[in-house]
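So the chains spell out like this:
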Amino acid sequence: MTQAPEIQDEMPRAYEPGNIEDKWYRFWLENNYFEPVIDPDKKPFVIIMPPPNVTGELHMGHAITAALEDIMTRWHRMRGEPTLWLPGVDHAAIAAQVVVERQLAAEGTDRHQMGREKFLERMQQWVKECRQTITNQHKKLGISCDWSRERYTMDEGPSRAVMTTFQHLYDKGLIYRGERIINWCPRCGTALSDLEVDHMDLSGHLYYVRYPLAGESGSIVVATTRPETIVGDTAVAVNPNDDRFKSYIGKNVVLPAVNREIPVIADEAVSTEFGTGAVKITPAHDPVDFEVAQRQNLSFINILNEDMTMNENAGPYQGMDRFDARVAIVKDLVESGQLVKTEDYNHSVGHCQRCQTIVEPLVSKQWFVKIQPLAAPAIKAVRDGSIKVVPQRFTKVYINWMENIYDWCISRQLWWGHRIPVWYCLACEEIIISAGTPGTCPKCGSSNIEQDPDVLDTWFSSGLWPHSTLGWPDDTEDLNYFYPTSVMETGYDLIFFWVARMIMLGIENTGKIPFHTVYLHGLIRDDQGEKMSKTKGNVVDPLISMEKYGTDALRFALTTGTSPGNDSRLSTSKMESSRNFANKLWNATRFVVRNIADGQTATEIRRDSLPVEDRWILSRLDRTVATVTGLMDDFQFGEAQRQLYDFLWSEYCDWYIELAKIRLHSTSEDTLSPLPVLVHVLETSLRLLHPYMPFVTEELWQNLKRHLPSDWQQCESIMIAPYPETTAGAIDSGSEQVMESIIEIVRSIRNARTEHKVENSRWIEARIYAGELTQAITPHAPSIEALARARPVSIQDTRQEDGGEENALVLVLTGTEVVIPLESMVDAEAEKKKLEKEIAGTSAEVTRLEARLKDENFLSKAPPDIVEKERQKCYSLINKLERLRQQLLKY
């Protein structure tokens with residue numbers, strides 16, 4: 001066991017985060033506090049970290065994920081549960097390959113020049129550097145995950161889980177290879193799933209093109225946003241219920257540009273309101289048209305190469321870029337008289353989520369997963385409550401998407417990732433599916449076999465994350481004890497990308513749900529509510545923020561105001577406020593520790609003999625423990641944080657410590673020391689706060705521990721100290737009512753001083769009428785005097801109607817009234833002279849304005865609006881003059 005770092009006898013005057021963060025993280029690691037001990041008699045708490053992509057450094061999205069998960073992890077660990085937070089990173093096939101290919105381009109080369117083997121070596125080098133960066137940044141954030149169990153999606157274990165799953169799904173008939181419409185990114189050179197495509201509204205045009213009827217006069221006009229795909233049309237479709245086109249159904253039209261005949265068909269997928277009501281059908285390049293073609297038994301004509309140039313099926317446009325071909329076709333349509341008109345048109349266009357290139361729908365032979373058989377049990381698990389989604393409103397979103405799910409394209413035309421475990425025999429054309437590497441073809445025995453060049457979609461491996469990280473497909477101790485996991489915490493934007501796939505594949509592979517709760521946090525936006533992006537220049541670097549404000553302050557700022565599923569803003573003011581809170585705690589602890597004599601420990605608290613302010617703060621502490629615990633159980637971490645902040649800053653620091661100072665400075669031997677309560681409430685509060693601000697709470701707790709009763713000396717760290725629980729009999733509603741009244745009285749007097757600009761050195765008189773609270777409040781007159789700078793303070797039962805308060809400020813509070821004679825707040829003679837001077841000046845201005853408004857010369861020559869403005873000014877000054885005279889009567 002490594003000893004805790006030495007604590008200085010005298011706490012430094014200022015809190016310097018950089019001096020304490022590294023030493024405590026090192027201490028926690030050296031003592032293996034992050035590693036759970038398997039205890040069959042206890043139910044564990046388990047979080048599997050959403051693996052960051054190996055594409056660079058962590059950003060604020062990762063930081064809030066880390067902060068929220070560390071809050072949960074530290075909290076459950078302090079509650080005595082075997083707690084596992086398993087970290088890891090994702091190989092991020094497309095994203096990581098894009099990053100490295102950009103590096104290669106800057107060096108004047110590319111992966112094709114390097115060859116697959118050399119390129120993969122370069123990728124491994126990048127991954128090694130990136131993983132180390134991500135790990136170090138996570139440690140800087142203070143997260144308490146079990147680094148001994150860290151996983152990587154391409155480690156041997158998770159990779160074997162990928163291959164095993166592929167073979168299992170194939171053998172079950174749920175993986176197939178076929179030609180279907182997919183999204184193709186020409187920049188990344190790969191197929192994408194629907195979820196990897198961002199749709200953006202772009203300004204474009206709607207082109208109305210005339211298709212002449214074949215063998216007879218007449219034509220039909222179609223509207224399209226992509227005239228370059230005309231050469232790939234295999235039909236024109238109309239709605240069967242559209243009377244305008246019923247006579248056309250069954251006839252043929254001649255395709256512009258390539259003069260190929262295609263049929264006019266009827267299909268209910270056609271909208272009667274779009275364009276003319278007649279649409280072109282290009283099955284190889286439109287997902288809706290693909291479905292129509294399957295129903296209507298139409299042919300598929302692919303007109304595009306993978307680099308988005310037009311291929312041999314494009315006729316005269318072969319070799320052109322797709323957008324250059326658009327210009328050329330439109331020009332030809334104008335010249336042939338077949339372009340009827342062009343309209344401005346805004347429409348949604350798919351873009352690659354990784355590189356923002358416009359994607360192209362095209363028919364391609366890819367590997368797919370039949371997803372509906374996997375979706376059914378995943379829907380049931382959420383619907384019957386086996387898996388709880390927080391916030392609950394996302395349950396409906398999840399189920400709606402899952403009930404309308406399409407087959408999942410899992411093959412990617414990349415080099416980086418899990419290579420598809422499929423081999424083709426070049427001798428007999430046998431397809432071999434194997435989780436391991438086959439040496440020969442099982443059908444003909446030939447060794448002339450070749451592996452499929454494609455890799456699997458990254459989400460295929462990350463969909464296995466909760467069970468592959470714990471050892472599946474092996475029957476490991478970790479898998480048996482820690483699976484199913486407890487909470488999957490991630491951003492709401494990943495509910496389809498990742499959460500749904502983990503549920504589907506987890507149930508399929510293990511027969512169990514992968515987690516009991518899905519907690520979805522919102523996005524972190526800038527202080528204007530804008531999404532952070534490098535393009536906008538509003539990205540906040542977590543490392544820079546931690547360096548400037550401290551790690552605890554950044555974590556606290558990130559979770560301030562958060563609630564499940566809602567976006568939150570991160571601002572400089574939030575980070576400054578959080579840093580100020582850490583400083584406040586530092587100064588409060590320093591005050592408490594300095595008032596404890598050397599070698600002294602806090603004595604036992606005898607609740608039956610405590611003054612009301614002690615009973616109040618202990619009662620408020622107990623309520624805070626209960627409230628915070630309930631909120632955290634309900635995943636309301638932002639609100640729990642707010643309750644802690646308010647209690648510590650306001651009730652403990654601003655009120656209780658100030659009240660305690662009066663007793664600490666008392667020379668009376670009968671005065672009971674507040675130190676036992678000061679220490680108890682502070683120590684308990686630090687444990688409450690530890691999951692949110694681990695570093696400063698550890699440092700302060702270690703300083704305080706020396707003065708705690710001896711049984712605390714055996715606990716080496718706050719992070720393994722028990723989380724606070726409520727105390728029987730601690731709630732004291734009577735003391736709370738009394739103290740709330742005292743605080744309200746002091747606050748009202750302070751506000752009155754501020755409003756009347758009473759200098760701080762001036763003492764003012766206060767008469768308090770407390771009714772039923774008179775007896776309880778009377779002993780606290782000295783405290784009210786000291787805190788409100790009011791002297792004398794008299795406390796009476798009721799106020800007489802003729803109490804002579806006509807020249808006093810009367811403050812009506814909850815259950816009490818405060819009367820402050822005005823002469824005690826101001827110098828009456830000086831105020832009287834000031835009012836007389838202001839009255840004289842205002843009176844002279846009124847006289848001048850009245851004379852002007854009687855002047856016929858002014859009234860006849862001045863514009864009406866000027867006259868009215870002067871009249872209104874005169875009325876306002878007359879009213880002001882009356883108020884000043886009434887105020888003067890008080891003196």
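Trainee: When you look at the overall build of the protein chain in this model, what are you seeing that I'm missing?
Mentor: A tally of helices and strands in the protein chain yields 28 helices and 29 strands. Relative to a compact globule of 891 residues, whose C-alpha radius of gyration would be 29 Å, the protein chain shows 38 Å and is clearly more extended. Seen along its three principal axes, the alpha-carbon backbone of the protein chain occupies a region of about 110 × 95 × 55 Å. Each of the 891 residues in the protein chain was classed as buried or not, and the buried ones make up 53%. Residue pairs in contact within the protein chain that sit at least 24 positions apart in sequence constitute 76% of those at least 6 positions apart. Accessible surface for the protein chain amounts to roughly 40,100 Å². Of this, 47% is attributable to carbon and sulfur atoms. Here the protein chain contributes 96 positive and 127 negative side-chain charges, whose respective centroids are spaced 3 Å apart.

Trainee: Looking at this structure, I do not really get the pairing of strand S2 (residues 83-86). What am I missing?
Mentor: One face of the sheet, then the other: side chains in a regular strand alternate in exactly this way. Side chains Thr 83 and Trp 85 project from S2 onto one buried face, and the interleaved Leu 84 and Leu 86 project onto a second face that is buried too. In this sheet, S2 lies alongside strand S1 (residues 45-48) in parallel orientation, the contact comprising four bridges. By the bridge assignment, Ile 47 is partnered in S2 with Trp 85. After leaving S1, the chain enters helix H2 (residues 60-78) and then returns to the sheet as S2, a path that is right-handed.

Trainee: What is the right way to read the environment of Ser 577 from this model?
Mentor: With respect to the secondary-structure elements, Ser 577 resides in helix H17 (residues 572-594). Each C-alpha atom of the pair Ser 577 and Ala 557 lies 7.9 Å from the other, and the pair is 20 residues apart in sequence.

Trainee: Can you help me understand the pattern of salt bridges in this one?
Mentor: Opposite charge on two side chains lets them pair, provided their charged atoms get close. Under the criterion given, the structure shown has 45 salt bridges. With a closest N to O distance of 3.5 Å, Glu 21 and Lys 140 form a salt bridge. Highlighted residues: Glu 21 in helix H1 (residues 21-30) and Lys 140 in helix H5 (residues 116-140), separated in sequence by 119 residues. Glu 21 gets classed as buried once you look at its relative accessible area, which sits at 3%. Here Lys 140 falls in the partly exposed class, since its relative accessible area comes to 25%. When the shortest N-O distance is used, the salt bridge between Glu 613 and Arg 663 registers 3.2 Å. Of this pair, Glu 613 sits in helix H18 (residues 612-633) while Arg 663 is found in helix H19 (residues 637-664), placing the two residues 50 residues apart along the sequence. The same class applies to Glu 613 and to Arg 663, which are both buried.

Trainee: How do you make sense of the side chain of Thr 562 when you look at a structure like this?
Mentor: Structurally, Thr 562 can be placed in the loop between helix H16 (551-559) and strand S25 (568-569). Of the polar contacts made by the side chain of Thr 562, one reaches the backbone oxygen of Thr 559; its length is 2.9 Å. In this structure, Thr 562 is in contact with Ile 64, Ser 568, Gly 638 and Glu 639, ignoring residues within four places of it in sequence.

Trainee: Where do I start with the packing of H19 against helix H20 (residues 675-689) in this structure?
Mentor: At a minimum axis separation of 11 Å, H19 and H20 run at an interaxial angle of 165 degrees. Classified by the angle their axes make, H19 and H20 are roughly antiparallel. Considering only the axes of H19 and H20, their crossing is left-handed. Along the contact surface, H19 presents Leu 644, Phe 647, Leu 648, Tyr 652, Tyr 656, Ile 657, Ala 660 and Leu 664, while H20 presents Leu 675, Val 677, Leu 678, Val 681, Leu 682, Ser 685, Leu 688 and Leu 689. Of the residues that constitute the contact of H19 with H20, the class distribution is 15 nonpolar, one polar and no charged.

Trainee: Please clarify how the pairing of strand S18 (residues 422-425) should be interpreted in this entry.
Mentor: Of the two faces of S18, the one carrying Val 422 and Tyr 424 and the one carrying Trp 423 and Cys 425 are both buried. Connecting S18 to the next strand, strand S19 (residues 431-433), in antiparallel fashion are five residues, including Glu 429 with a positive phi near 65 degrees. Here three bridges tie S18 to strand S20 (residues 449-451), and the two strands are oriented antiparallel to one another. Looking across to S20, one finds that Tyr 424 is bridged to Glu 450.

Trainee: What's the story with the nonpolar core in this structure? I'm lost.
Mentor: Soluble globular proteins tend to bury their nonpolar side chains together. Among the nonpolar cores identified, the biggest contains 144 residues, and Tyr 652, Tyr 692 and Ile 749 are the most heavily contacted of them. Look past the residues within four positions of Ile 749 in its chain and what remains in contact with it is Ile 764, Ala 766, Ile 784, Ala 788, Ala 790, Leu 811, Val 818 and Ile 820. Trp 367, Val 422, Ile 507 and Leu 520 belong to the second largest nonpolar core, which has 61 residues in total.

Trainee: Please clarify how the sheet that holds strand S10 (residues 252-254) should be interpreted in this entry.
Mentor: The pairing of strands in a sheet comes from backbone hydrogen bonds and takes either a parallel or an antiparallel form. Across the sheet, which stays open at both edges, the four strands sit in the order S10-S11-S9-S12 with mixed pairing between neighbours. The sheet terminates laterally at S10 and strand S12 (278-281), the two strands that pair on one side only. Direction aside, neighbouring strands of the sheet carry axes that sit 35 degrees apart on average.

Trainee: Whenever I open this one, unusual backbone geometry confuses me. Can you help?
Mentor: For the peptide bond that leads from Trp 472 to Pro 473, omega is 15 degrees, which places it in the cis range. Looking at the element boundaries, Pro 473 is found in the loop between helix H12 (465-468) and helix H13 (477-482). Residue Arg 791 is joined to Pro 792 through a cis peptide bond whose omega torsion reads 5 degrees. Tracing the backbone through its elements, the reader meets Pro 792 in strand S27 (residues 790-796). Of note, the phi angle at Asn 32 is positive, near 55 degrees, even though the residue is not glycine. Positionally, Asn 32 belongs in the loop between H1 and S1. For Asn 259, which is not glycine, the phi dihedral falls at a positive 50 degrees. Among the secondary structure elements, Asn 259 is positioned in the loop between S10 and strand S11 (261-266). Among the residues examined, Asn 259 registers a relative accessible area of 62% and is labelled exposed.

Trainee: Could you clarify how one ought to interpret the packing of helix H9 (residues 372-383) against helix H10 (residues 393-403) in this entry?
Mentor: For any two helices packed against each other, the geometry is given by the interaxial angle and the distance between the axes. Across the interface, H9 lies against H10 with an axial gap of 10 Å and an inter-helix angle of 165 degrees. By the angle class used here, H9 and H10 are roughly antiparallel. Both H9 and H10 take part in a crossing whose hand is left-handed. Here Ala 375, Ala 378, Ile 379, Val 382 and Arg 383 of H9 come into contact with H10, specifically with Thr 395, Tyr 398, Ile 399, Met 402 and Glu 403. Considered class by class, the residues forming the contact of H9 with H10 number seven nonpolar, one polar and two charged.

Trainee: It is not clear to me how the state of the cysteines should be interpreted in this structure. Could you clarify?
Mentor: Cysteine pairs can be linked by a disulfide, which is a covalent bond between their two sulfur atoms. Under the defined criterion, the tally for this structure stands at zero disulfides. In this structure Cys 188 is a free cysteine whose sulfur lies 3.7 Å from that of Cys 185, the closest cysteine sulfur available.

Trainee: Just checking my understanding: could you explain the packing of aromatic side chains for this structure?
Mentor: For any pair of aromatic rings, geometry is given as the distance between the ring centres together with the angle between the planes. Inspection of the entire model under this criterion finds 31 aromatic pairs. Measuring from ring centre to ring centre gives 5.6 Å for Tyr 645 and Trp 649, while their planes differ by 25 degrees; the resulting arrangement is stacked. Here Tyr 645 and its partner Trp 649 are both found in helix H19, four residues apart, which amounts to about one turn of the helix. Judged by relative accessible area, which is 22%, Tyr 645 ranks as partly exposed. Among the residues examined, Trp 649 registers a relative accessible area of 24% and is labelled partly exposed. Here a set of aromatic residues connected by ring pairs shows up, and it is made of Phe 166, Tyr 170, Trp 367, Trp 408 and Phe 460. Taking the ring centre of Trp 147 as reference, the NZ or CZ of Lys 139 above it sits at 5.5 Å.

Trainee: Is there a simple way to explain the sheet that holds strand S7 (residues 197-212) in this structure?
Mentor: Sheet architecture is open: three strands sit in the order S8-S7-S13, paired in antiparallel fashion. Each edge of the open sheet carries a strand with a single partner, namely strand S8 (219-224) and strand S13 (339-352). Within the sheet, the average angular offset between the axes of one strand and its neighbour, ignoring direction, is 20 degrees. Here S7 pairs with S13 via 13 bridges, running antiparallel. Counted as the bridge partner of Tyr 208 is Lys 341 from S13.

Rules and cut-offs
Residues numbered from 1 in each chain as written. Predicted model: local features only at pLDDT ≥ 70, side-chain atom pairs only at ≥ 80, totals over all residues. Heavy atoms only, no water. Helix = DSSP H or I, 4+ residues; strand = E, 2+ residues; numbered from the N terminus. Rg over C-alpha atoms; globule rule 2.2 N^0.38 Å. Buried < 20%, exposed > 50% of the residue type's maximum accessible area, 1.4 Å probe, protein only. Contact = heavy atoms within 4.5 Å. Areas by Shrake-Rupley, 256 points an atom, 1.4 Å probe, with all protein chains shown as cover. Lys, Arg positive; Asp, Glu negative; His and termini not counted. Charge placed at Lys NZ, Arg CZ, Asp CG, Glu CD. Pairing = 2+ DSSP bridges. Right-handed = clockwise from strand over helix to strand, strands pointing away. Salt bridge = Lys/Arg side-chain N within 4 Å of Asp/Glu carboxyl O. Polar contact = N/O pair within 3.5 Å; in protein donor to acceptor, adjacent residues only side chain to side chain. Axes fitted to C-alpha atoms, helices over the stretch in contact; angles between N-to-C directions. Parallel < 35°, antiparallel > 145°, perpendicular 65-115°, else oblique. Left-handed = near helix turned anticlockwise from the far one by under 90°. Nonpolar A, V, L, I, M, F, W, Y, C, P; charged D, E, K, R; others polar. Core = buried A, V, L, I, M, F, W, Y, C linked by side-chain atoms within 4.5 Å. Disulfide = S-S within 2.5 Å. Phe/Tyr/Trp six-rings, centres within 6.5 Å; stacked < 30°, edge-to-face > 60°. Lys NZ or Arg CZ within 6 Å of the ring centre and 35° of its normal.

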